[in-house]
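Structural overview
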Number of protein chains: 2
Amino acid sequence: MNIGEIAKRAGVSRSTVSYALSGKRTVSEATRRRILRVIDEAGYRPNASARALAEGRTRTIALVIPPAGRRLTPIQLGFVASVVAAAGLHELDVLLSPSGGEHDRSFERIISGRRVDGVILMEVRLQDARAARLRESGLPFVAIGHTADAGTGCWVDLDYEGLIGNCVHHLADLGHRAIALINRPQEFLDSGYGPARRALDGFTAAAAARSLTATAICCPDDAMAGEACVENLLAAHPAITGIVTANEAALPGMERSLRRLGRAVPGQISITGVVGRHWAEEFHPPLTAADVPISDMADRAVGLLVERISSPAGPERHILLTPPISLRSSTAPPVQRAECDPALPSQGSHAECLTS
Amino acid sequence: MNIGEIAKRAGVSRSTVSYALSGKRTVSEATRRRILRVIDEAGYRPNASARALAEGRTRTIALVIPPAGRRLTPIQLGFVASVVAAAGLHELDVLLSPSGGEHDRSFERIISGRRVDGVILMEVRLQDARAARLRESGLPFVAIGHTADAGTGCWVDLDYEGLIGNCVHHLADLGHRAIALINRPQEFLDSGYGPARRALDGFTAAAAARSLTATAICCPDDAMAGEACVENLLAAHPAITGIVTANEAALPGMERSLRRLGRAVPGQISITGVVGRHWAEEFHPPLTAADVPISDMADRAVGLLVERISSPAGPERHILLTPPISLRSSTAPPVQRAECDPALPSQGSHAECLTS
DNA sequence: TTGTAAGCGTTATCAC
DNA sequence: GTGATAACGCTTACAA
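Residues numbered from 1 in each chain as written. Chains lettered and ligands numbered in written order. Predicted model: local features only at pLDDT ≥ 70, side-chain atom pairs only at ≥ 80, totals over all residues. Heavy atoms only, no water.

1. Here we look at the pattern of salt bridges
Side chains that carry opposite charge are capable of pairing whenever their charged atoms lie near each other. Within this structure, the stated rule accounts for 50 salt bridges over all chains. Where A:Glu55 meets A:Arg59, a salt bridge forms, and the shortest distance between an N and an O atom there is 3.2 Å. Classification of A:Glu55 as partly exposed rests on a relative accessible area of 32%. A relative accessible area of 25% means that A:Arg59 is categorised as partly exposed. Here A:Asp221 and A:Arg184 are joined by a salt bridge, their closest N and O atoms 2.9 Å apart. With a gap of 37 residues between them, A:Asp221 in the loop between strand 7 (213–218) and helix 11 (223–236) and A:Arg184 in the loop between strand 6 (178–183) and helix 9 (186–190) connect regions that are remote in the sequence. With relative accessibility at 12%, the residue A:Arg184 sits in the buried group. Linked by salt bridges that have partners in common, A:Glu227, A:Glu231, A:Arg256, A:Arg260, B:Glu255 and B:Arg259 make up one network. (Salt bridge = Lys/Arg side-chain N within 4 Å of Asp/Glu carboxyl O. Buried < 20%, exposed > 50% of the residue type's maximum accessible area, 1.4 Å probe, protein only. Helix = DSSP H or I, 4+ residues; strand = E, 2+ residues; numbered from the N terminus.)

What follows is the structure, encoded as structure tokens:
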């Protein structure tokens, strides 16, 4: 069933059918109705490929995600779902492209085959080959995260530097003097992953400004690693009373080790950081943290992209978000360590620690 | 840059360029080389829309996922990533369609606009409107999960009934007499979600076969709910020594409540079930469970779909997988409850429970 | 071994 | 207000 068949049945030309559907030319109410009835009866829908060829646009965008091998974090998953939802509001479909390395089949296929009108890039690195490739191709794109060259291109990002800095100040304000940062994995830092780098910078600068004793460590993106990290950290630096984390995937493990060590939160150890809201709420006790505004970021990214597609010559907009710290229950003023020695976790009940 | 321009520069006709690229007709080595060089210099790639229009196929498949509102579980996320990866191996791109309800814009747009060559349907219900719609459209599709009418359509699914049954038998073999099932949310059961239904059936049947005291409860898909469920369950049925779970998202909460209640795993409570491998490994202690073979299922689903696309008249294949239970450390023979009374969780150290 | 030309199903530009 | 008709860029008989 194609537009020609509809035209024949309705006794009009193909162009009239097309215009009756698009409204780009006035069609008499009578013929319009007739056409619509025929279309309805036949269950006709325009062929997307033909339309794309004729219009020169596909009504589709690509979402470039990290490759399947590297497990996606829940935050990333959230982005995928939110971007798809936001795109749907603009009648845009979403093509998924798992692309990490340089040699990428799917990415290249999508870009150079003109399969999409624009691209949303996730997990952008400070130096990003995909961003460079896209710039060269002239295809509109917006990044979630930004490259070292913040001035060019469209992007929406979180102000990790400021956010982590705020966390440090929050702990300092409560009276903590020795704090630690649990950052994303070491290889992220090494490979120039912006959030990891900026988290470290923000942590170091704020800690220096407040004259705090600061320890920054990297931690793989999973619970087991989080468990080990916290354990090692507290063994090596027993004076630490505050932790700020940029690693949400490590959170369940952190909770586990703290409990095993008999360190009450926030009684003996305060924890804060920047993580997805869901993780903050599932932490025990609920985590005082800067919540990553996932769907907000996705909406803005799609909005920026839609704007860019419709006017490619327009200004390149950047959106840097600094969500506030949501006060929940995981931070408090530090307490004297002597009250409950973590070196002896199994000595009788921990009641006095838990309630201190 | 289009095929005509390449033809002109190489001094041949457009068809020769096309054939040089597709190999569907022999082209002399000399002209072939010349064409390829020109293509390379110009950075030419065939336009996907034009090709789709001419060939009548889009080289794209759709992956229908639950809508954004309902948070995707990590297993579902795993499917998305794995399907995309598997599709890539077949040079297929993946269009994401978040579709749950009946009236779905994106789903309809993709199906009736012929945007894809085939569809993979996730989270199929026993009665599924999308499956019905697809059957009516004639578009090849394979479901992950199967409808009540198991005989028709292509699908790959887990044998939840058998799997949960195996878990029950495993506990019975160890000597457990009173067990419980932590199932997916109540509304899933009510709305005819196959895995929830079949899990319940398998549990009930196997428990009856072994003359066990069995309690089945539903639990929302999150940690906090898991915490409450286990707490209520053990309060209401103190005799329970074994739990089988079909709900991986509740696992972290279950772990938490068990620890708080002072019930050692597997010392006092054995836990098993069917969950994603990652969750089983992150549980504490590592969970003895039937691991959901996510990427295997995704590979098979894509394989089935590719086969169906190339020969739509072929047989409708079904794949029912029954992965084995991976023995880890969360099950053991039951122990006399009197040794460690859970009603008094804070009475001194729990050492004797933990090591029992 | 290669070229010509007829589609594929739309949209959009001209006429009337 | 409506109908021809030419793109859009590619694939693929059909000829040569």
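Read on, since the account is not over.
2. Some remarks on the packing of aromatic side chains
Residue and element names in this part refer to chain B. Applying the stated criterion across every chain, the model contains 2 aromatic pairs over all chains. Note on Phe188 and Tyr193: the rings are 5.2 Å apart at their centroids and 75 degrees apart in plane angle, and the pair reads as edge-to-face. Tyr193 matches Phe188 in its accessibility class, with the two residues each being buried. Positioned over the ring face of Phe188 is Arg125, at 5.4 Å from the centre of the ring. (Phe/Tyr/Trp six-rings, centres within 6.5 Å; stacked < 30°, edge-to-face > 60°. Lys NZ or Arg CZ within 6 Å of the ring centre and 35° of its normal.)

3. Considerations on the packing of helix 1 (residues 3–10) of chain A against helix 2 (residues 14–22) of chain A
Residues and elements named next belong to chain A. Following both chains from N to C, one finds helix 1 and helix 2 inclined at 100 degrees, their axes separated by 8 Å at the closest point. In terms of orientation, helix 1 lies roughly perpendicular with respect to helix 2. Side by side, helix 1 and helix 2 meet where Ile3, Gly4, Ile6 and Ala7 of the first sit next to Arg14, Val17 and Ser18 of the second. Counted by class, the contact of helix 1 with helix 2 contains 4 nonpolar, 2 polar and 1 charged residues. (Axes fitted to C-alpha atoms, helices over the stretch in contact; angles between N-to-C directions. Parallel < 35°, antiparallel > 145°, perpendicular 65-115°, else oblique. Contact = heavy atoms within 4.5 Å. Nonpolar A, V, L, I, M, F, W, Y, C, P; charged D, E, K, R; others polar.)

4. Things to note about the nonpolar core
Counting 100 residues, the largest nonpolar core has A:Leu63, A:Leu96, A:Ile120, B:Leu63, B:Leu96 and B:Ile120 as its most contacted members. Setting aside residues no more than four positions away along its own chain, B:Leu96 makes contact with A:Val80, A:Val84, A:Val94, A:Leu96, B:Leu63, B:Ile65, B:Val80 and B:Ile110. (Core = buried A, V, L, I, M, F, W, Y, C linked by side-chain atoms within 4.5 Å.)

5. Concerning the interface of chain B and chain A
Taken together, the contact pairs 52 residues of chain B with 51 residues of chain A. For the pair chain B and chain A, the summed buried area comes to about 4400 Å², and 53% of that belongs to carbon and sulfur atoms. Per-residue buried area on chain B facing chain A is highest for B:Asp93, B:Arg256 and B:Glu282; these three make up 13% of the total on that side. For the pair chain B and chain A, the interface holds 10 salt bridges. Across the salt bridge formed by B:Asp93 and A:Arg109, the nearest N and O atoms sit 2.8 Å from each other. On the surface where chain B and chain A come into contact, there are 22 residue pairs in polar contact (both at pLDDT 80 or more). When residues of the side of chain B that touches chain A are assigned to their parent elements, the largest contribution, 6 residues, is made by helix 5 (residues 74–89) of chain B. In the side of chain B that touches chain A, the residues fall into 22 nonpolar, 13 polar and 17 charged. Relative to strand 2 (residues 93–98) of chain B, strand 2 (residues 93–98) of chain A is paired through 3 bridges, and the arrangement is antiparallel. Within strand 2 of chain B, the residue paired with A:Val94 across the bridge is B:Leu96. (Buried area = accessible area lost by both parts, 1.4 Å probe. Polar contact = N/O pair within 3.5 Å; in protein donor to acceptor, adjacent residues only side chain to side chain. Pairing = 2+ DSSP bridges.)

6. Re the pairing of strand 2 of chain A
All names here are of chain A. For strand 2, the tally of buried residues reaches 6 of 6 residues, placing the bulk of the element in the interior. Inspection of the sheet shows strand 1 (residues 60–65) paired to strand 2 by 6 bridges, in the parallel sense. Bridge pairing in strand 2 links Ala62 to Leu95.

7. As for the protein's contact with DNA strand C
Taken together, 29 residues are adjacent to DNA strand C, and A:Ile3, A:Ser18, A:Tyr19, B:Thr16 and B:Arg25 come closest. Counting only the atoms of DNA strand C within 4 Å of the protein, the fraction contributed by sugar and phosphate is 51%. A:Arg14 has a polar side-chain atom sitting 3.4 Å from a base oxygen of DNA strand C. Between a base oxygen of DNA strand C and a side-chain N or O atom of B:Ser15, the distance comes to 3.0 Å. Listing elements by their share of the surface near DNA strand C, those giving two or more residues are helix 2 and helix 4 (48–55) of chain A together with helix 2 (14–22) and helix 4 (48–55) of chain B. Its residues assigned to classes, the surface near DNA strand C shows 10 nonpolar, 11 polar and 8 charged. (Near = heavy atom within 4 Å.)

8. Structural notes on the UniProt feature "domain: HTH lacI-type" (unreviewed entry) in chain A
Within this numbering scheme, the UniProt entry marks residues 1–55 of chain A as carrying the feature "domain: HTH lacI-type" (unreviewed entry). The distance separating the terminal C-alpha atoms of residues 1–55 of chain A is 20 Å; by composition the span is 71% helix and 0% strand. (UniProt positions renumbered as here; feature names shortened; annotations may be inferred.)

9. Quick notes on the domain arrangement of chain A
Residues and elements named next belong to chain A. Here chain A is described as being made up of domain 1 (3–46), domain 2 (60–158 + 295–321) and domain 3 (160–287 + 328–349). Using only C-alpha atoms to locate each centre, domain 2 and domain 3 end up separated by 31 Å. Contact between domain 2 and domain 3 buries roughly 1200 Å² in total, counting both sides, with carbon and sulfur atoms accounting for 54%. Seen at the junction of domain 2 and domain 3, the total is 1 salt bridge. As a salt-bridge pair, Asp157 and Arg198 come within 3.6 Å of each other at their nearest N and O atoms. Between domain 2 and domain 3 we count 6 residue pairs in polar contact (both at pLDDT 80 or more) in total. Of the residues contributing to the side of domain 2 that touches domain 3, the split by class is 6 nonpolar, 3 polar and 4 charged. (Domains from an automatic or database assignment.)

10. Digging into the protein's contact with DNA strand D
As a structural note, the neighbourhood of DNA strand D is formed by 28 residues, with A:Thr16, A:Arg25, A:Ser28, B:Ile3 and B:Tyr44 the closest of them. Of what DNA strand D places within 4 Å of the protein, 54% of the atoms are sugar or phosphate. With respect to DNA strand D, the side chain of A:Arg25 contributes an N or O atom lying 2.5 Å from a base oxygen. With respect to DNA strand D, the side chain of B:Ser18 contributes an N or O atom lying 2.9 Å from a phosphate oxygen. When residues of the surface near DNA strand D are traced back to their parent elements, those giving at least two are helix 2 and helix 4 of chain A together with helix 2 and helix 4 of chain B. Along the lines of polarity and charge, the residues of the surface near DNA strand D split into 10 nonpolar, 11 polar and 7 charged.

11. What to know about helix 3 (residues 29–42) of chain B
Residue and element names in this part refer to chain B. Taking 1.5 Å as the rise per residue, helix 3 with 14 residues should run 20 Å; its terminal C-alpha atoms sit 20 Å apart, in good agreement. Every buried residue belonging to helix 3 is among Thr31, Ile35, Val38 and Ile39, and all of these are buried. Along helix 3, the residues classed as buried sweep out an arc of 100 degrees about the axis, all on the same side. Along helix 3, the residues that are exposed and aim more than 90 degrees away from the buried face are Ala30, Arg33, Arg37, Asp40 and Glu41. As for helix 3, its buried residues are in contact with helix 1 (3–10) and helix 2. Just beyond helix 3, the residue with positive phi is Gly43, at close to 65 degrees. (Expected span 1.5 Å × (residues − 1). Arc of directions from axis to C-beta.)

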